[in-house]
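# Overview (structure and organization)
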Amino acid sequence: MVSEPTVADATNRIYQSLQADNADIDVHIATLKAALVQAGLKEAVFDPAKLVQNNRSGRKLMQAYFRQRGVTVKFSA
């Protein structure tokens, strides 16, 4: 039996993808979306310190890109 990835696993894969110049980012976003549904969550929370573009425009761009793919993004304080 193959287990579904957790939200934490999917989030970590997205961090890795962002570090690797967005390699397979759409696949990882889809995985995160499925993990959020499985966990009954409505939004993904990211640590801004782990982002490549940790400035306002980088965060807004990330939010917009993920929102187009059906995932609401928030950032931890």
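Located above this text is the structure these notes cover.
As a starting point, this report considers the structure included with it. (Residues numbered from 1 in each chain as written. Predicted model: local features only at pLDDT ≥ 70, side-chain atom pairs only at ≥ 80, totals over all residues. Heavy atoms only, no water.)

### Comments concerning helix α1 (residues 7-19)
Compared with the 18 Å implied by 1.5 Å per residue over 13 residues, the 18 Å span of α1 between its first and last C-alpha is a close match. Here the buried face of α1 lies against α2 (25-39), β1 (43-46) and α3 (56-68). Once α1 finishes, Asp21 follows within two positions and takes phi at roughly 60 degrees, a positive value. (Helix = DSSP H or I, 4+ residues; strand = E, 2+ residues; numbered from the N terminus. Expected span 1.5 Å × (residues − 1). Contact = heavy atoms within 4.5 Å.)

### Here's the deal with the packing of aromatic side chains
Each pair of aromatic rings is reported with the distance of its centres and the angle of its planes. For the structure on display, the rule yields two aromatic pairs. By way of ring pairs, the aromatic residues Tyr15, Phe46 and Phe66 are connected into one cluster. When the ring centre of Tyr65 is taken as reference, the NZ or CZ atom of Arg69 above it lies at 3.6 Å. (Phe/Tyr/Trp six-rings, centres within 6.5 Å; stacked < 30°, edge-to-face > 60°. Lys NZ or Arg CZ within 6 Å of the ring centre and 35° of its normal.)

### Points about the environment of Thr6
Tracing the sequence through the fold places Thr6 in the segment before α1. Spatially, the C-alpha atom of Thr6 lies 11 Å from that of Gly40, the residues being 34 residues apart in sequence. Within the structure, Thr6 has its side chain in polar contact with the backbone nitrogen of Asp9 (distance 3.1 Å). (Polar contact = N/O pair within 3.5 Å; in protein donor to acceptor, adjacent residues only side chain to side chain.)

### Some thoughts on the nonpolar core
Counting 17 residues, the largest nonpolar core has Ile14, Leu32, Phe46, Phe66 and Val71 as the members making the most contacts within it. Beyond its immediate sequence surroundings of up to four residues, Leu32 is in contact with Val7, Ala10, Thr11, Ile14, Ala44, Phe46, Phe66 and Val71. (Core = buried A, V, L, I, M, F, W, Y, C linked by side-chain atoms within 4.5 Å. Buried < 20%, exposed > 50% of the residue type's maximum accessible area, 1.4 Å probe, protein only.)

### Details of the pairing of strand β2 (residues 72-75)
Each regular strand shows side chains that alternate between the opposite faces of the sheet. Bridging between β1 and β2 involves four bridges; their strand directions are parallel. In the sheet register, Phe46 faces β2, and the bridge partner there is Phe75. In this region the chain leaves β1, passes through α3 and returns to the parallel neighbour β2; the handedness of that crossover is right-handed. (Pairing = 2+ DSSP bridges. Right-handed = clockwise from strand over helix to strand, strands pointing away.)

### Re the side chain of Gln63
Relative to the elements of secondary structure, Gln63 occurs in helix α3. Judged by relative accessible area, which is 17%, Gln63 ranks as buried. With residues up to four places along the chain from it excluded, the contact list for Gln63 reads Val73 and Phe75.

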